[in-house]
Amino acid sequence: MDKRQAIGSWLSGPRAAMEDAGADLGYRGQQLGLPEEGPGSIARPGRRLGALAVDWAMCALIASQFITQSYDQASSNWALLVFFVMSVLTVGTIGFTPGKRLFGLRVVALDTGTVSPARALLRTFLLCLAIPALVWDRDGRGLHDRLARTVEVRI
């Protein structure tokens, strides 16, 4: 193996390196019984981040204009509380936030298909901690989704 191959495998990530070594990992969501493409497939990170950005911007706007009448540290703290309440209420009832709906995403429970308010509460609490959302498994689910036994899929 020359230096270019070694560097290329490092830049590609562990999944690509394992596939180059001959391991068949399948597609994201295969172990969960989800389709590879189209409705019901695992949501890609770009869509998830876009939906999160829309939701956060909306919550920051609500906090800065209606609660604190300025944009400072206090409004950021209020924005997190608004985000928490909005996420628990919307994901726990209809399965998506406004940002997720805009990007064509939905949160579903693996066993029942609908997210209960208790699961939405756990998922949102872990999402607000940020670290669990940054730890992903091979299916692209964050630790917050794994612990709540949910998955974010395309509509």
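Residues numbered from 1 in each chain as written. Predicted model: local features only at pLDDT ≥ 70, side-chain atom pairs only at ≥ 80, totals over all residues. Heavy atoms only, no water.

(A) Examining helix α3 (residues 45-67) more closely. Taking 1.5 Å of rise per residue, 23 residues should cover 33 Å, and α3 covers 31 Å from first to last C-alpha, within 8% of that figure. Among all positions in α3, only Arg48, Gly50, Ala51, Asp55, Cys59, Ala60, Ala63 and Ser64 are buried. Lining the buried residues of α3 we find α4 (73-93), α5 (98-102), β1 (105-109), α6 (117-129), α8 (143-148) and β2 (150-154). Where α3 terminates, the next one or two residues include Gln69, which has phi positive at roughly 55 degrees. (Helix = DSSP H or I, 4+ residues; strand = E, 2+ residues; numbered from the N terminus. Expected span 1.5 Å × (residues − 1). Buried < 20%, exposed > 50% of the residue type's maximum accessible area, 1.4 Å probe, protein only. Contact = heavy atoms within 4.5 Å.)

(B) Molecular detail of the pattern of salt bridges. This structure, assessed with the given rule, holds 10 salt bridges. Across the pair Arg119 and Asp111 runs a salt bridge, and its minimum N-O distance is 2.9 Å. Taking the shortest distance from any N to any O, the salt bridge between Arg123 and Glu152 comes out at 3.1 Å. Highlighted residues: Arg123 in helix α6 and Glu152 in strand β2, separated in sequence by 29 residues. Residues Arg123 and Glu152 agree in their burial class; the two are buried. Connected via shared salt-bridge partners are Arg48, Lys100, Arg123, Asp145 and Glu152. (Salt bridge = Lys/Arg side-chain N within 4 Å of Asp/Glu carboxyl O.)

(C) Looking closely at the nonpolar core. Counting residues in each nonpolar core, the largest one holds six residues, listed as Cys59, Val82, Phe83, Met86, Leu127 and Ala133. By residue number, the principal contributor to this core is α4, which donates three residues. With near-sequence residues (within four places) excluded, Ala133 lies in contact with Leu127, Gly142 and His144. (Core = buried A, V, L, I, M, F, W, Y, C linked by side-chain atoms within 4.5 Å.)

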